[in-house]
Amino acid sequence: MTDAPVDAAPAIAEDALVEGSSLWRDARARLKKNKVAVGSLFGFAFIFLFCFVGPFLSPYDANVQDLFSGAEGPSAEHWFGTDTLGRDLMVRVMEGGRISLLVGLVATVVALAIGVIYGATAGYVGGKVDASMMRFVDLLYALPFTIFVILLMVAFGRSLWLMFVAIGCVEWLSMARIVRSGVLSLKKQEFVEAAVSLGYSHRRIIVRHLIPNVLGPVIVIATLTVPAVMLLEAFLSFLGLGVQPPDASWGVLINEGQTNMEIYPWLLMFPAGFFAATLFCLNFIGDGLRDALDPKSAKD
Amino acid sequence: MLKFVAMRLLQGAFVLLGIYAVTFLLVAATPGSPFSSERAIAPEILAQIEAFYGYDRPLGERFLTSLGNFVQGDFGPSAVYANRTVTQIIAESFPVSLKLGSISLLLALLLGVPAGILAAVKRNTWLDYVPMSVSMAGICLPTFVMGPLLALVFGLILQWLPVAGWYGPEFMILPATTLGLYYGAYFARLTRGGMLEMLNQDWVRTARAKGVAESTIIWKHCLKGGLIPAITFLGPALAGIISGSFVVETIFQIPGLGQWFVRAALNRDDFLVLGLTVLFAAMIVVMNLLVDIVQVALNPRLKYD
Amino acid sequence: MFLRKLRPSLGILIAAIFGLALASCGGGVPETEKAAREGILLIGNGTEPKTLDPHLATGVPESSIMRALLEGLIATHPTNDLEPEPGMAESWEHNEDFSVWTFHLRDALWSNGDPVLASDFVYSWQRILSPTLGAEYAPMLYVIKNAEAFNIGEIEDFGQVGVKALDDKTLQVTLQGSTPHFLSMIKHSSYSPVNPRAVEEHGGMTDRQSGWSTLENFAGNGPFRLKSWVTNQVIEVERNPHYWDAETVKLNGIRFYPIDNANTEETMFRNDRLHLTNTVNPDKIAYFQEIMPDKLRISPYLGSYFYRLNVTREPLTDARVRRALTLALDRQLLVERVTKGGQAPASGLVPQGIPGYGASTTVQYDPEEARRLLAEAGYPGGQGFPEVEIMINTSEAHRKIAEAIQALWREELGITVGIYNQEWKVYLDSQSNLDYDIARAGWIGDFVYPSTFTDMFTTGNGNNDTGWSNPRYDALVARSRVAESEEERMAIFHGAEELLLEEMPIIPIYWYTRVLLQDPRVHGWYPKLLDAHHYKYVWLEPEGEAGGQ
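Residues numbered from 1 in each chain as written. Chains lettered and ligands numbered in written order. Predicted model: local features only at pLDDT ≥ 70, side-chain atom pairs only at ≥ 80, totals over all residues.

Enquirer: Outline the overall build of chain A, listing residues and values.
Expert: Along the backbone of chain A there are eleven helices and zero strands. Seen in sequence order, chain A has helices and strands lined up from the N terminus as α-α-α-α-α-α-α-α-α-α-α. Buried residues in chain A amount to 48% of all 300 residues. Counting contacts in chain A only where the partners sit at least 6 residues apart, residues at least 24 apart contribute 70% of the total. (Helix = DSSP H or I, 4+ residues; strand = E, 2+ residues; numbered from the N terminus. Buried ≥ 20, exposed ≤ 12 C-beta atoms within 10 Å, placed from the backbone. Contact = placed C-beta atoms within 7 Å.)

See the structure below:
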């Protein structure tokens, strides 16, 4: 009789066509509402493009020196200034970003690969095998990473790729732990029982049923591992064990800048600024993802 | 409880043994000798030096001999720092690192935990974003930037604080702040996460619906559980601060343990590396045990896990 | 209401920080002034010394400290490196051909009260030459007759070695051959005496782990004695009342601070905690010249920075290629723009400043000739030149130089070289195994004489590491040891060096300088080629006494 029922009918009809909302869809919606996380996503995207596309747009080469001009502050020709050998700082920050981001991403992928498989297997198999696998992880946890990374770097130092692997080998431990506890709790759920009773192979269950369901926390941890790796790389640069010259990562640039920050502050400001901003964004994205993927953290 | 502790200590002993073996092999496999230097050493002299430290014996024999000595408490001499033993080196530097570490940790807790609680309670408001962003800065600026920056501002420009050395209480401020900010940031985030988890529980909702005061909910009910992630991190954090503060020690010239970790590895000083590694591992084992005990005390349900 | 609970802890924190800040700032006498009034010199000394045993120590930080604690036959002259300053020996003679030297010792005491005897020197030199001690610098004593044979175990009776105590105060040394510069050599710490009683009481002559050189047991005969040793913090020495010339010593003590990081050291200096630094960040030299020119000191140092070329690898087997690489470098540009430490561009191997030896001028910047040579060798304009790599050990400074050289070669010769760094120990191994193309290297002279540089490149010498071998060069070096006059010897050194520079197994780059910051209160500290200072002639002038306060 009134307008309301007439309006409600089309609304209800629309709803009926919509599928049931999945975890992913809910998560995405929550993520969109988190302004800081979304801002960070855009920020990271900008930094990523800046570093990977930027050098093509810049007239300068990161390795061309100008010994006659030396370090000069930001100017119209060099927006970020130049370093002590006269190289344009902006291009060096861009290319440094390429390396730092690459190290972060690749090492994290390595850590992910090892950690997920190890953790899922331990959690799934359970029992004594699980216990001994986790004791091994405890053992590795108790190793002082300073000494070990140094020794590994010395042994593998010359190849950038081997460095990724070395760093990844140090970072996979937390990943394994998280995946294992996730799998352990999933194991008790009914859909797994169902799969087992249906006769699926263990590998299939692990790969197709368990891993996708722990993906949430794994993604979160991965986004938080990238900054940890980048910091580790910066520390190695401080020791002189990181990237080889004349390539320079942000860690190397920051180290150079830090020794001269009193007289050439821009040499520190720009690389450190970009480094911090990247870590900032990644951490907030990780936080946002965690908040989004946790069903109980929805606002009322 | 006693059985639990005893079991964990026994497991810990096995862990230490495993670590000893792994470290020994890794150092033996890494290229470079503790005795190489820019001036060439005559082969006969090198042979004498190596014989003195036992490097001329086969790997297996060296392993067993040093393990035997270790168990009896003799960690061996330093191959590089002649007439100093590993025990001496550790005994001199460990107390310094312990002191610096404890103060930094205290500072980190004082800064981080309240900030994290605040952020969790006032979630998604400015009181959440600002402390979290500041704490993020603590994590995102490496210590080798934060340290010199603080030294420059407070030491050279303002001339308020001394910048290097370890001669009195005022020397502790800058290094402890550098480390404290870094770990404080972690504590803030962990506390925020832990408190959020507690605050989102269904029973909290129920309590609110029943009209329980918010502050009672926060302090009386959620705090214990909310602090758990921070407390879990306390153990590794302390061990990490004590051994990993190489950067802070180098920048502020502090005679602590962190410098020795890096030096021993770079010098290939086998016995020193082994001594430090076992010390670090032992610290972690003990810390984890203490943390687990505290956790069980805070959350009795864990006993059955 | 919630915030109220947080306020107390924050309040305490802020109060504490302010309190401490107020306590430490405002109205304090700077540490440097306090120390100057007490007569204590504060020195930044680089790294923590590995040991203070003169027979086991090999580094510069160690020798700086040992020079305060021990004195050999000849001590360090305050200003002139060529002038022998009497130490334990108050007079000496030598025979016609400089192969037998006799030293007359003065009356002097060890810090534990023992008299210094000639037999102490015999004991000490036997110690460093004992094979089982494994002293790395034992070869410094090989000029002594049969010393090498004893050290490598060929003979077992030390009595056959050319050093004898004729009586308590007379020491006679017989050398392998004519060595007029013997007095320069024995200033080196490896010739230092040690107190036999202290050594025997704490482990014996050949015990490497001997505890005699620790804080508690150290016995020395120098102007100072050990007062405290806090690892990685400070080593303090105080006036030694038993020193034979104690009245001349003006300082009351010295504190050596082992500071690894150049920036930390600089901050300490500028915070008035050091009188002398060990080094200066090269990028800041211009800055210091502006803000504190009276404190910056730059002086020549007897060291050579060069690149080794692996002559066993293509294309470096061809001497023309090696000379092309050398001539293409504008060394003046490098020292002005890259190293910026007032270094001298190297025109040869042996650095300038050795009295009696004019440095070579052969190596110059000549890009035309370089390009011609490269073309003649088969790589016109750099075409077809295989990629070689420069190996450096991990360090900012080496990196910058390598990057600059890489760019210069690309510009002048059109060739591309790579750069890689290796961690120190790995780098040392690679060099001795000839596992490199081009390697950065440096060499500091052991004493002020050309032989410490020219001896390096004989065939198979452990410090050669280039694979270069030239029998004529070896012959020249051997002849220099038996030359009959100083002029002849110097001429032979010149001949050897020119031969080396013709074949160019190394690329000389620059000659070192010593750059440091020095507080104007320090007097008696003169630039020395090996930076060896006799502390008994150093004194401090506190501002409080000179001016008013």
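Enquirer: Residue-level account of the overall build of chain B, with values.
Expert: Regarding its fold elements, chain B presents 13 helices and zero strands. Across chain B, helices and strands are ordered from the amino to the carboxyl terminus as α-α-α-α-α-α-α-α-α-α-α-α-α. Taking the principal axes of its C-alpha atoms as reference, chain B extends roughly 85 × 55 × 30 Å. Among the 305 residues that make up chain B, the fraction classed as buried is 50%. Long-range contacts, defined as pairs at least 24 residues apart, comprise 74% of the intrachain contacts of chain B with a sequence gap of at least 6.

Enquirer: So what's going on with the sheet that holds strand β13 (residues 388–393) of chain C? Residues and values would help.
Expert: Residue and element names in this part refer to chain C. Taken in spatial order, the six strands make up an open sheet running β12-β16-β11-β15-β13-β14, and their pairing is mixed. Since the sheet does not close on itself, it has two edges, and those belong to β12 (344–345) and β14 (417–422), each with one partner. In this sheet, strand β16 (residues 506–517) lies alongside β12 in antiparallel orientation, the contact comprising two bridges. Directly across from A344, in β16, lies its bridge partner W511. Relative to β16, helix α11 (residues 331–339) is tilted by about 35°, and along the sheet it contacts β12 and β16. Together, β11 (296–309), β13, β14 and β15 (438–444) form the strand contacts of helix α14 (residues 424–432), whose direction differs from that of β13 by roughly 130°. (Pairing = 2+ DSSP bridges. Axes fitted to C-alpha atoms, helices over the stretch in contact; angles between N-to-C directions.)

Enquirer: Could you give an account of the sheet that holds strand β4 (residues 89–94) of chain C, with specific residues and numbers?
Expert: Residues and elements named next belong to chain C. One open sheet holds the four strands; their spatial order is β4-β5-β7-β6, and the pairing between them is antiparallel. Two strands bound the open sheet, and with one partner strand each, they are β4 and β6 (163–167). In this sheet, adjacent strand axes meet at a mean angle of 20° when their direction is disregarded. Looking at chain direction, strand β5 (residues 100–105) and strand β7 (residues 170–174) are connected through five bridges and run antiparallel. Residue pairing in the sheet places H104 in a bridge with T170 of β7. On the sheet, helix α4 (residues 118–129) packs against β5, β6 and β7 and is oriented at approximately 165° with respect to β6.

Enquirer: Outline the interface of chain B and chain C, listing residues and values.
Expert: Taken together, the contact between chain B and chain C spans 49 residues of the former and 51 residues of the latter. Every element with two or more residues in the side of chain B that touches chain C is listed here: α2 (43–53), α4 (86–121), α6 (143–157), α11 (246–252) and α12 (257–267) of chain B. Class assignment for the residues of the side of chain B that touches chain C results in 29 nonpolar, 14 polar and six charged. (Nonpolar A, V, L, I, M, F, W, Y, C, P; charged D, E, K, R; others polar.)

Enquirer: So what about the interface of chain A and chain C? Which residues, and what values?
Expert: In this assembly, 17 residues from chain A lie in contact with 23 residues from chain C. Taken together, the residues of the side of chain A that touches chain C sort by class into seven nonpolar, eight polar and two charged.

Enquirer: I'd like a description of the packing of helix α4 (residues 89–125) of chain A against helix α11 (residues 266–293) of chain A, backed by residues and values.
Expert: Residues and elements named next belong to chain A. Contact geometry for α4 and α11: axes closest at 10 Å, N-to-C directions at 35°. For the element pair α4 and α11, the recorded crossing hand is right-handed. Contact with α4, carried on its side by L89, V93, G96 and G97, involves W266, L267, F270, P271 and F274 of α11 and no other residues of that element. Of the residues in the contact of α4 with α11, the class split is seven nonpolar, two polar and no charged. (Left-handed = near helix turned anticlockwise from the far one by under 90°.)

Enquirer: Mind laying out the packing of helix α3 (residues 35–57) of chain A against α4(A), listing which residues take part and the relevant values?
Expert: All names here are of chain A. Contact geometry for α3 and α4: axes closest at 8 Å, N-to-C directions at 115°. Along this stretch, α3 crosses α4, giving a crossing that reads as left-handed. On α4, the residues that touch I47, F48, F50, C51, F52, G54 and P55 of α3 are V91, M94, E95, G97, R98 and L101. Residues of the contact of α3 with α4, tallied by class, amount to nine nonpolar, two polar and two charged.

Enquirer: An account of helix α1 (residues 2–29) of chain B is needed here, citing residue identities and associated values.
Expert: With 28 residues, α1(B) extends 41 Å between its outermost C-alpha atoms, agreeing within 8% with the 40 Å of an ideal straight helix rising 1.5 Å per residue. All buried positions along α1(B) are accounted for by V15(B), L16(B), I19(B), T23(B) and V27(B). (Expected span 1.5 Å × (residues − 1).)

Enquirer: Kindly report on the confidence of the model for chain B, identifying the contributing residues and their values.
Expert: All names here are of chain B. Residues at a pLDDT of 70 or more form 97% of chain B, whose mean pLDDT is 83. The secondary-structure element of chain B with the lowest mean pLDDT is helix α10 (residues 228–244), recorded at 73, while α4 shows the highest, at 89. Quick note on the complex model: pTM equals 0.86, ipTM equals 0.84. (pLDDT = per-residue confidence, 0-100.)

Enquirer: How would you sum up the nonpolar core? Please name residues and give values.
Expert: Ranked by size, the top nonpolar core spans 348 residues in total, and within it I150(A), A281(B), L69(C), L141(C) and I254(C) carry the most contacts. Counting residues per element, this core draws most heavily on helix α9 (residues 202–239) of chain A, at 19 residues. Every residue in contact with L141(C), bar those within four places of it in the chain, is listed here: W125(C), I128(C), L129(C), A147(C), S190(C) and Y191(C). (Core = buried A, V, L, I, M, F, W, Y, C linked by C-beta atoms within 7 Å.)

Enquirer: I'd like a rundown of the pairing of strand β9 (residues 234–239) of chain C, residues and numbers included.
Expert: In terms of strand pairing, strand β8 (residues 224–230) of chain C meets β9(C) through six bridges, oriented antiparallel. By the bridge assignment, R225(C) is partnered in β9(C) with E238(C).

Enquirer: An account of the pairing of β14(C) is requested, with residue identities and associated values reported.
Expert: Residue and element names in this part refer to chain C. Two elements, β13 and β14, share six bridges in a ladder whose sense is parallel. Residue pairing in the sheet places N393 in a bridge with Q422 of β14. The parallel pair β13 and β14, bridged by helix α13 (residues 396–413), forms a crossover whose chirality is right-handed. (Right-handed = clockwise from strand over helix to strand, strands pointing away.)

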